[in-house]
Amino acid sequence: MYSPLKHLLVVILLFCFSSFSYAADLTREIGLNIDKSSEPENFFEVGLGLNAFNRSIINVDDKEDLDIGITLIGSYNWHNFFVDFANQAPDSLVFGYTAYNRENWSFDVILTGPGSGLRKKENQVNFESIEERDVNTMIGGRLTGYIGENVVQLTLKQGLTSRNGGAVASALIGRNWQIRNLNFHSIFALSFRQAKLNDYYYGVSEEEAARTNFAAYDGKSSLNFDSSIGLTYPISENVLLRAEVFFGSEFGYNESPLFSKQQDFYTGISSSISYVF
């Protein structure tokens, strides 16, 4: 049966449209008011999510209204090894090993993949003569700790290939408040993306510029923030209702001419109902 005090690991879905996705354990822990001394537990969720957002977009045909989709979230844990899955997250699959777990601090070694790319066959880019950007697999470390009533998480990941082998670093803090059966939470994060990574995904080479209407562009490093406020309500022992609002920045990497709409800040709202097995 579903026990929210034991489910530490889940991949965030509600942030799938931003430049940075919250890490698995921290988001679920904050959203469900989970005891920090609880042990991870295997679980699987299936649900229906509804998102509305206003952000920078690449394709001119991208919709800016409601987005409805099926959400699949799961976690499997065995002897400090874990696998997290979320079908709509930027890092849809995360493999990891908890190398250290004492008192208020833990450290995970993580491998993320397949990640997000820009591929014509998946209708992520709709312009011709621009090379596809392959998905990005990264390896790194994740430090999670408790400071007072707050949960903090520091993550550093490095790409494994020579072409898109840039680094991503992030720092996140969050906490929750419980009022009867309502669990309110807030999260604030900073993320840094290395120039090499941004250039691979959003850069335009001289060769591409020569055969398209896009100007040549070299990607640069970017520092952005992301924040959210949300609530989780258990409708029953196995059914969860979630709602969340988001605000963050996109300046830096979205200066690429590949973006048909550019704005420095994004906003969004999301809600979902899920059944937990």
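Residues numbered from 1 in each chain as written. Predicted model: local features only at pLDDT ≥ 70, side-chain atom pairs only at ≥ 80, totals over all residues. Heavy atoms only, no water.

J.: Could you give me a rundown of the pattern of salt bridges, with the residues and numbers involved?
T.: Scanning the entire structure with this criterion turns up three salt bridges. Notably, a salt bridge pairs Arg-242 with Glu-45, separated by 3.2 Å at the nearest N-O pair. Taken together, the positions of Arg-242 in strand 11 (residues 239-249) and Glu-45 in strand 1 (residues 43-54) put the pair 197 residues apart, joining distant regions of the chain. As far as burial versus exposure is concerned, Arg-242 and Glu-45 are alike and both buried. (Salt bridge = Lys/Arg side-chain N within 4 Å of Asp/Glu carboxyl O. Helix = DSSP H or I, 4+ residues; strand = E, 2+ residues; numbered from the N terminus. Buried < 20%, exposed > 50% of the residue type's maximum accessible area, 1.4 Å probe, protein only.)

J.: Account for the nonpolar core, with residues named and values stated.
T.: Among the nonpolar cores identified, the biggest contains nine residues, and these are Ile-58, Met-138, Val-168, Leu-197, Tyr-200, Tyr-201, Tyr-202, Tyr-253 and Phe-259. Considering every element that reaches this core, the biggest residue donor is helix 2 (residues 195-202), with four residues. Among the nonpolar cores identified, the runner-up in size contains five residues, and Ile-130, Ala-209, Tyr-217 and Leu-258 belong to it. (Core = buried A, V, L, I, M, F, W, Y, C linked by side-chain atoms within 4.5 Å.)

J.: Give me the confidence of the model for the protein chain: which residues, what numbers.
T.: Averaged over the protein chain, the pLDDT score is 79; the fraction of residues at 70 or greater is 77%. For residues 1-25, every residue scores under 50 in pLDDT, and the model assigns this stretch 118 contacts once sequence neighbours within four places are set aside. (pLDDT = per-residue confidence, 0-100. Contact = heavy atoms within 4.5 Å.)

J.: Which residues make up helix 2, and what values go with them?
T.: Buried within helix 2 we find Leu-197, Asn-198, Tyr-200, Tyr-201 and Tyr-202. Axial view of helix 2: buried residues confined to an arc of 165°, hence all on one face. (Arc of directions from axis to C-beta.)

J.: So what about the sheet that holds strand 11? Which residues, and what values?
T.: If you trace the twelve strands once around the closed barrel, you get 1-2-3-4-5-6-7-8-9-10-11-12, paired in antiparallel fashion. Each strand of the sheet is rotated relative to its neighbour by a mean of 20°, with strand direction disregarded. Looking at chain direction, strand 10 (residues 222-234) and strand 11 are connected through nine bridges and run antiparallel. Following the sheet pairing, Thr-232 is matched in strand 11 by Arg-242. Contacting strand 6 (138-147), strand 8 (167-179), strand 9 (182-193) and strand 10, helix 2 runs over the sheet at an angle of about 95° to strand 9. (Pairing = 2+ DSSP bridges. Axes fitted to C-alpha atoms, helices over the stretch in contact; angles between N-to-C directions.)

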